[in-house]
Amino acid sequence: MTTLEGAKPGPTAMVSALIHGNELCGAIALDRLLSTKFSPDRGRLIVAFANVAAFSRFDAAHPYASRFIDEDMNRLWSRETLNGTRKSTELARARELRQFAESADFLLDIHSTSLPAPAMLLCGSREKGRILAAKMGYPFHVVADIGHTSGVRLRDFGAFNNGASAKSSVLVECGQHFDKNSPTVALKSIVAFLKACGMLDDTPEQFPALPRRRGQKFIEVSHAITIRSDGFAFSREFRCFETIAKAGTRFAQDGTREIVTPYDDCVLVMPARQPLRGQTAVRLGRYVAGGKD
Ligand SMILES: [Zn+2]
C-alpha cells in the first residue's frame, strides 16, 4: 500500500490491482506509475496491490491457478463477512485493505478477463457509477451490473453502493489476462479515472494518450445467471457482447434447466471460461442510453 499526495488538496482515490492474483495488468500499470514518481495534481491517491499472496504463487505453466489462495477476494466485501469470525488468506488481507477503501471518495478496481473480451467498465447499478464512467469516457464499453449472488465485490463495498453517498467506484476489465495490451488499457483507465475525479489535469507525457472521446456503449445488466448444477454448458462458444436477436432462444443448459434469452436483442456479458456450480455463468443485458455527464 502506498499513498501519493498531490500538491493541492482534493479528493481521496484508491486504485487497486491484484484483487485476483493472476490478473497482472493492473499491477504492471501501478508499478509503472510508482516507478515514474507520479503524483496527482490534487488530492491523495492510494495505490493498493491486493492479493499479493496469490500473485506470489503465479506460475506461467498454470496461469489460472493463482486467482486466489483460499477464496475469491472479490466476494468478501460485505460488513457481515468482514466483521465475522471466519478466517482465510483473502479475508485477512481484505480486513487490512478495508480502512483504505473506506477512506476513499473514489475507487478504481483493475481486473482482466479469462476469455478475450473488449475492455469495459463495470459501473454497478447506481446512477453515480454511470456518471463516473461517462466522465472517464474510456473504455468504450460500460456495463451497469448487479454483481454476483456469491458475494459482494470491492466495487460494491459500503458507501460505493449506497445511493445516498457521493462516493463512487468503477471496476475496469482491461481485456484478457495475458493480452500484451492490457497493461496499457489499465494505465489509460487510471489516467481517465483520475481526470474524472478532478485529481489530474493533463495526461503525464510518460503515459499513453487517451483516445479521442466518442460515445460509450452502455449495457444494462438485468440478470446474472448463477450455475446450479455440475452439468452446465453453453450451446455454442461465446466470447463477450454477442447479441441474440430473439427472446426465448436457448443459449445454455444447466443440468435439466434450459436457459433462454428473456428478451429480444439480449447481450451476453463475460461468459465464464470454466462454468462452476455456484458461480456466475454469464450476465444478460441490453444496450441503453448512457449516463449523464
Ligand atoms: Zn478479476
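Calculation notes
Residues numbered from 1 in each chain as written. Predicted model: local features only at pLDDT ≥ 70, side-chain atom pairs only at ≥ 80, totals over all residues. Heavy atoms only, no water. Helix = DSSP H or I, 4+ residues; strand = E, 2+ residues; numbered from the N terminus. Rg over C-alpha atoms; globule rule 2.2 N^0.38 Å. Buried < 20%, exposed > 50% of the residue type's maximum accessible area, 1.4 Å probe, protein only. Contact = heavy atoms within 4.5 Å. Areas by Shrake-Rupley, 256 points an atom, 1.4 Å probe, with all protein chains shown as cover. Lys, Arg positive; Asp, Glu negative; His and termini not counted. Charge placed at Lys NZ, Arg CZ, Asp CG, Glu CD. Pairing = 2+ DSSP bridges. Axes fitted to C-alpha atoms, helices over the stretch in contact; angles between N-to-C directions. Salt bridge = Lys/Arg side-chain N within 4 Å of Asp/Glu carboxyl O. Polar contact = N/O pair within 3.5 Å; in protein donor to acceptor, adjacent residues only side chain to side chain. Domains from an automatic or database assignment. Buried area = accessible area lost by both parts, 1.4 Å probe. Parallel < 35°, antiparallel > 145°, perpendicular 65-115°, else oblique. Left-handed = near helix turned anticlockwise from the far one by under 90°. Bend = angle between axes of the 7 residues up to and from the residue. Right-handed = clockwise from strand over helix to strand, strands pointing away. Donors = N, O, S within 2.8 Å, 3.2 Å for Na, K, Ca; no water.

Engineer: Before we move on, could you go through the overall build of the chain and cite the residues and values that matter?
Structural biologist: A tally of helices and strands in the chain yields six helices and 14 strands. Over its C-alpha trace the chain gives a radius of gyration of 19 Å, about what one expects of a compact globule, namely 19 Å for 293 residues. With the principal axes as the frame, the chain shows a C-alpha extent of 60 × 45 × 40 Å. Here the chain holds 293 residues, and 53% of them are scored as buried. If you take every contact in the chain between residues at least 6 apart in sequence, the share linking residues at least 24 apart comes to 70%. Entry remark: accessible area of the chain is about 13000 Å², with carbon and sulfur atoms responsible for 49%. Treating the 39 positive side-chain charges of the chain as one cloud and the 31 negative ones as another, the clouds have centres 2 Å apart.

Engineer: Can you break down the pairing of strand β4 (residues 106-113) residue by residue, with the values?
Structural biologist: The side chains of a regular strand alternate, first on one face of the sheet and then on the other. The buried count for β4 comes to eight of eight residues, which makes it a mostly enclosed element. Residue alternation in β4 divides its side chains into two sets, Phe106, Leu108, Ile110 and Ser112 and Leu107, Asp109, His111 and Thr113, and both sets are buried. Here strand β2 (residues 8-17) pairs with β4 via four bridges, running parallel. Opposite methionine 14, over in β4, you have leucine 107 as the bridge partner.

Engineer: Requested: an account of the sheet that holds strand β11 (residues 250-254), with residues and values cited.
Structural biologist: The three strands lie next to each other as β9-β11-β12, forming an open sheet whose pairing is antiparallel. Whereas interior strands pair on both sides, the edge strands pair on one side only; in this sheet they are β9 (232-234) and β12 (257-260). Taken over all neighbouring pairs, the strand axes of this sheet differ in orientation by 20° on average, direction set aside. As paired elements, β11 and β12 share four bridges and run antiparallel to each other.

Engineer: Quick one: what's the story with the side chain of aspartate 109, residue by residue and with numbers?
Structural biologist: Mapped onto the fold, aspartate 109 is located in strand β4. Buried charge without a partner: aspartate 109 forms no salt bridge, and the closest opposite charge is arginine 153, 7.7 Å away. Polar side-chain contacts of aspartate 109 include one of 2.7 Å to the side chain of histidine 111. Residues in contact with aspartate 109, not counting those within four places in the same chain, are Ser16, Ile19, Asn74, Leu154, Val170, Leu171 and Val172.

Engineer: Please set out the domain arrangement of the chain residue by residue, giving values where relevant.
Structural biologist: Structurally, the chain comprises domain 1 (2-196) and domain 2 (221-288). Domain 1 and domain 2 are separated by 25 Å when their C-alpha centres are compared. Opposite the 21 residues of domain 1 that make contact, domain 2 presents 19 residues. Summing both sides of the interface, domain 1 and domain 2 together bury roughly 1500 Å²; the carbon and sulfur share of this comes to 65%.

Engineer: Pulling in residues and values, what's your account of the packing of helix α5 (residues 127-136) against helix α6 (residues 182-196)?
Structural biologist: At a closest axis distance of 8 Å, the pairing of α5 and α6 adopts a crossing angle of 115°. Regarding the angle of α5 to α6, the classification is roughly perpendicular. The hand of the α5/α6 crossing is right-handed. Two secondary-structure elements touch here, α5 through Leu132, Lys135 and Met136 and α6 through Ser189, Ala192, Phe193 and Ala196.

Engineer: Please give an account of helix α4 (residues 89-103) that cites residues and values.
Structural biologist: The sharpest bend along α4 reaches about 40° and sits at leucine 97. Residues of α4 that are buried include every one of Glu90, Leu91, Ala94, Leu97, Arg98 and Ala101, and no others. In this structure, the buried residues of α4 make contact with β2, β3 (42-49) and α3 (79-83).

Engineer: Give a detailed account of the pairing of β3, specifying residues and quantitative values.
Structural biologist: In terms of residue burial, β3 counts as a mostly covered element, since six of its eight residues are buried. Here four bridges tie strand β1 (residues 2-5) to β3, and the two strands are oriented antiparallel to one another. Within β3, the position partnered with threonine 3 by the bridge is isoleucine 46. Here β2 runs beside β3; their pairing, made up of seven bridges, is parallel. By the bridge assignment, lysine 8 is partnered in β3 with arginine 42. What joins β2 to β3 is helix α1 (residues 25-35), and the crossover it makes is right-handed.

Engineer: Run through the coordination of the zinc ion, naming residues and quoting values.
Structural biologist: Coordination sphere of the zinc ion, protein contribution only: His20 (ND1), Glu23 (OE), Glu23 (OE) and His111 (ND1), at 2.0 to 2.5 Å. Spacing between the donor residues of the zinc ion along their common chain follows H-x2-E-x87-H. Here glutamate 23 is found in the loop between β2 and α1, whereas its partner histidine 111 is found in strand β4, with 88 residues between them in sequence. What makes glutamate 23 buried here is its relative accessible area of 2%.

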